[in-house]
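Overview (structure and organization)
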Amino acid sequence: MAAKPCLKIKGRGKGPKGSSSSTTSSSSSKNELVKEWTNWSLKKAKVATQYGFIPLIIIIGMKSDPKPHLFQLLSPV
Amino acid sequence: MADLLPPLGTAQTDGKTKVDEKVDYSNLPCPVPYEELHREAIMSLKADNFEGLRFDFSKGLNQKFSLSHSVMMGPTEVPSQSPDTTIKIPTAHYEFGANYFDPKLMLIGRLMTDGRLNARVKADLTDRLVLKANGQLTNEPHMSHAMFNFDYMGSDYRAQLQLGNSALIGATYIQSVTPRLSLGGEVFWAGVPRKSGIGYAARYDTDKMVATAQVASTGTIAMNYVQKISDKVSLATDFAYNYLSRDVVASVGYDYILRQSRVRGKIDSNGVASALLEERLSMGLNFLLSAELDHKKKDYKFGFGLTVG
C-alpha cells in the first residue's frame, strides 16, 4: 500500500540531528507522525464513505418494518 | 369583620388575573435554531430558481425508506474572470438518492454520475442532543467538504458546536428573552484562511410578523421583515449590507400559497426579478416553472420541471 507512511526511514533521518535539539525534534516528529496517520485515516474514511454510504442507507432501509422486497428496490415502478 | 372579607376576595382574584397576563419568565418557549433564524424570509426570497429541465421521481418502499431518481439538464454557470460575462456550460446529469426517515435517525444520500456524493445524517443521541453531519465528497482531491454539528436544546435556549474539515470550528447560542424576542450569537474560527469571526442576531416574532437582524464581524449586516397577511399570502423584505466590501442589496418578495399551487416571486435592487411556480396537477404530480431575469447582466434563465411522488 503506497499510501502508508514510512516510519522507519523518518526515525533514522531525524536521529543524528544533535543532542541539544533531540527532545524538540522527537516531539515534532511525534506531531508529524500523528499528522501523517490522521491524514491517512481521513483519506480512507472519505473513500469508505463515498462507496459505502448509499449501500448503508439501502441496507438499513431494507431491514426496517415492513420489510420491502428486493423486487420493489429494483423495479422502476 | 364580615365587611372586610368580600373586598379582600375580589382584590385577590383581580391580582391573579393580572399575574396571568404578565410574562412568565421561567417558562419561555424554545427559540428557533440559529441557522433558521430567518427561515420565513428565506422561503419567500431565496426560492430555488433553476435553469433547464428538472425531473424528480421519488418512490417510497416503506413508511421510512424511499429512493429517488433525478434528472437535470441545462446550462450550469462557471465562474469567469470578469464579473460582466457569465460562462455557461450545458450539462446533463442523473442523481440517485436514498432516504431513510426514523424519529431518531435520518439519513439522506445523493450520488451523481460523476461520483459526487452528498450525504446528510441527523441522529438524536439523547432527547436533547442531536448530531447532524453534512458532507459533499468528490473524486477530485481537496474539493470535499464535511461538517459535523452537535446541537443541544435546553428549555429556553439552544447551543450548537460545529466542526468542519480544513479546521473549521464554530459555536452558536440563542436564548429566548421574552416570549417573542430571542437573541443569539456565534463565533467561528477557520484554520485555512486564518480567520475568526463573531456575530450577533436578534429575532422578534408575533402571529402576524417576523423581524430579524444579524451583524457579523465578516462585515455583513442583514435585516429582514416578513408580514403574514393571511394564511395564503405573506410578503417579505430584506436588506443586506457589507461594510467591508460596500455591497448593498435590498429585495422585496411575496409568497402565495393557494389550493393547487404556490407562487413565490421577488425583485431585487440589483435588477433581478424572479419567480417560481409549483402547481399540483394531481396527487403526487407537481409541475414547476422558474424564471429569473437579471436585467443588469442581461442574463435570463428559464426552467421547467416535473416532480413525481
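Residues numbered from 1 in each chain as written. Chains lettered and ligands numbered in written order. Predicted model: local features only at pLDDT ≥ 70, side-chain atom pairs only at ≥ 80, totals over all residues. Heavy atoms only, no water.

Under the annotation held in an unreviewed UniProt entry, chain B carries the name Mitochondrial import receptor subunit TOM40-1 and is attributed to Raphanus sativus. The annotation that UniProt attaches to chain B under Subcellular location (unreviewed entry) is "Mitochondrion outer membrane". (UniProt positions renumbered as here; feature names shortened; annotations may be inferred.)

Under an unreviewed UniProt entry, chain A has the name Mitochondrial import receptor subunit TOM7-2-like and belongs to Raphanus sativus. Reading the Sequence similarities (unreviewed entry) entry of the UniProt record for chain A gives the comment "Belongs to the Tom7 family." Note on chain A: under the UniProt heading Subcellular location (unreviewed entry), the record states "Mitochondrion outer membrane".

Residue and element names in this part refer to chain B. On inspection of all chains with the given rule, the structure shows four aromatic pairs over all chains. Ring geometry for Y152 and Y157: centres 6.3 Å apart, planes at 35°, overall tilted. Assessed through its relative accessible area of 27%, Y157 is described here as partly exposed. Each member of the aromatic cluster is reached from another via a ring pair, and the members are Y152, Y157 and Y173. Its guanidinium or amino end placed over the ring of F50, R54 lies 4.9 Å from that ring's centre, counting from NZ or CZ. (Phe/Tyr/Trp six-rings, centres within 6.5 Å; stacked < 30°, edge-to-face > 60°. Buried < 20%, exposed > 50% of the residue type's maximum accessible area, 1.4 Å probe, protein only. Lys NZ or Arg CZ within 6 Å of the ring centre and 35° of its normal.)

Among the structural elements, D268 of chain B can be located in strand 16 (residues 261-268). Among residues more than four places away in sequence, those in contact with D268 of chain B are V249, A250 and S251 of chain B. (Helix = DSSP H or I, 4+ residues; strand = E, 2+ residues; numbered from the N terminus. Contact = heavy atoms within 4.5 Å.)

Okay, the pattern of salt bridges next. Residues and elements named next belong to chain B. All told, the structure shown has 16 salt bridges over all chains when counted by the stated rule. For D56, the salt bridge goes to R54, with nearest N and O atoms at 3.7 Å. With its nearest N and O atoms 3.5 Å apart, the salt bridge here joins K132 to D151. Taken together, the positions of K132 in strand 6 (residues 129-137) and D151 in strand 7 (residues 145-153) put the pair 19 residues apart, joining distant regions of the chain. Take K132: its relative accessible area is 24%, and that puts it in the partly exposed class. By relative accessible area, which is 16% here, D151 ends up buried. Overlapping salt bridges, with partners in common, bring together E36, R39, E40, R203 and D205 in one network. (Salt bridge = Lys/Arg side-chain N within 4 Å of Asp/Glu carboxyl O.)

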